[in-house]
Amino acid sequence: KTKTKVTFEATPGYLLYSTFARQSILCTFPWVKIITILRHPIDRIYSEYNFLVDPRKPRTKKQRNYLLQLGFDRWVAQDLAALRDAGVLQKKIPPHLF
């Protein structure tokens, strides 16, 4: 029996926010083992926000202004809510514990 390994690197966003991607992988390859390595959550959130508001990155002025107007704290709250909705975080953990 030949063992085949497939590796790739990509953003974990599709695994976190897309039930379709997870279902497709498991339906196509039910034997697959997926190892996901995530960054430290505080480092990730600062990095992602700074990436999103960086004027050198391909965003529209409207998108960037929305994020800047929303502010870091409210953007983090939205991100945590999205992670809860995706089932990545437990819904019953109060936000002040993060």
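Above: the structure in question.
For clarity, every value in this text was computed on a predicted model and none was experimentally measured.

## Focus: the overall build of the chain
Across its full length, the chain holds five helices and zero strands. Going from the N terminus to the C terminus, the chain shows its helices and strands as α-α-α-α-α. The buried share among the 98 residues of the chain stands at 20%. Pairs at least 24 residues apart make up 32% of the contacts formed inside the chain by residues separated by at least 6 positions. Roughly 8600 Å² of accessible area belongs to the chain as shown, and the carbon and sulfur atoms make up 61% of that amount.

## Some remarks on helix α5 (residues 72-85)
Between its first and last C-alpha atoms α5 spans 20 Å; for 14 residues at 1.5 Å apiece the expected length is 20 Å, and the two agree. For α5, the complete set of buried residues consists of Trp75, Val76, Asp79, Leu80, Leu83 and Arg84. Where α5 ends, the next residue or the one after it, Gly87, has phi of about 85°, a positive value.

## Examining a nonpolar patch on the surface
A cluster of nonpolar residues, Leu26, Phe29, Trp31, Val32 and Ile34, forms a patch on the protein surface that exposes about 520 Å² of accessible area. Along the chain, the position of Trp31 falls in the loop between α2 (19-28) and α3 (41-53).

## Remarks on the packing of aromatic side chains
Under the criterion given, the structure shown has four aromatic pairs. With a centroid separation of 5.7 Å and an interplanar angle of 90°, the aromatic rings of Phe29 and Trp31 are classed as edge-to-face. Centre to centre, the rings of Tyr46 and Phe72 are 4.8 Å apart; their planes meet at 10°, and the pair counts as stacked. Taken together, the residues Tyr46 in helix α3 and Phe72 in helix α5 connect sequence positions 26 residues apart. The class for Tyr46 is partly exposed, based on a relative accessible area of 46%. Classification of Phe72 as partly exposed rests on a relative accessible area of 22%.

## Focus on helix α4 (residues 61-70)
For an α-helix, the turn length of 3.6 residues means that residues three or four places apart are oriented alike. When α4 is considered as a whole, its buried residues turn out to be Arg64, Leu67 and Leu70. Buried residues of α4, viewed axially, fall in a sector of 130°; they line one side. Exposed side chains of α4 directed beyond 90 degrees from the buried face belong to Lys61, Lys62 and Gln69. Among the structural elements, α3 and α5 are those in contact with the buried residues of α4. Count one or two residues on from α4 and you reach Gly71, which has phi positive near 85°.

Conventions adopted
Residues numbered from 1 in each chain as written. Predicted model: local features only at pLDDT ≥ 70, side-chain atom pairs only at ≥ 80, totals over all residues. Heavy atoms only, no water. Helix = DSSP H or I, 4+ residues; strand = E, 2+ residues; numbered from the N terminus. Buried < 20%, exposed > 50% of the residue type's maximum accessible area, 1.4 Å probe, protein only. Contact = heavy atoms within 4.5 Å. Areas by Shrake-Rupley, 256 points an atom, 1.4 Å probe, with all protein chains shown as cover. Expected span 1.5 Å × (residues − 1). Patch = residues over 30% accessible without salt bridge, like charges linked within 9 Å, V, L, I, M, F, W, Y side chains within 5 Å. Salt bridge = Lys/Arg side-chain N within 4 Å of Asp/Glu carboxyl O. Phe/Tyr/Trp six-rings, centres within 6.5 Å; stacked < 30°, edge-to-face > 60°. Arc of directions from axis to C-beta.

The quantities given are spatial measurements derived from coordinates; they are silent on function.
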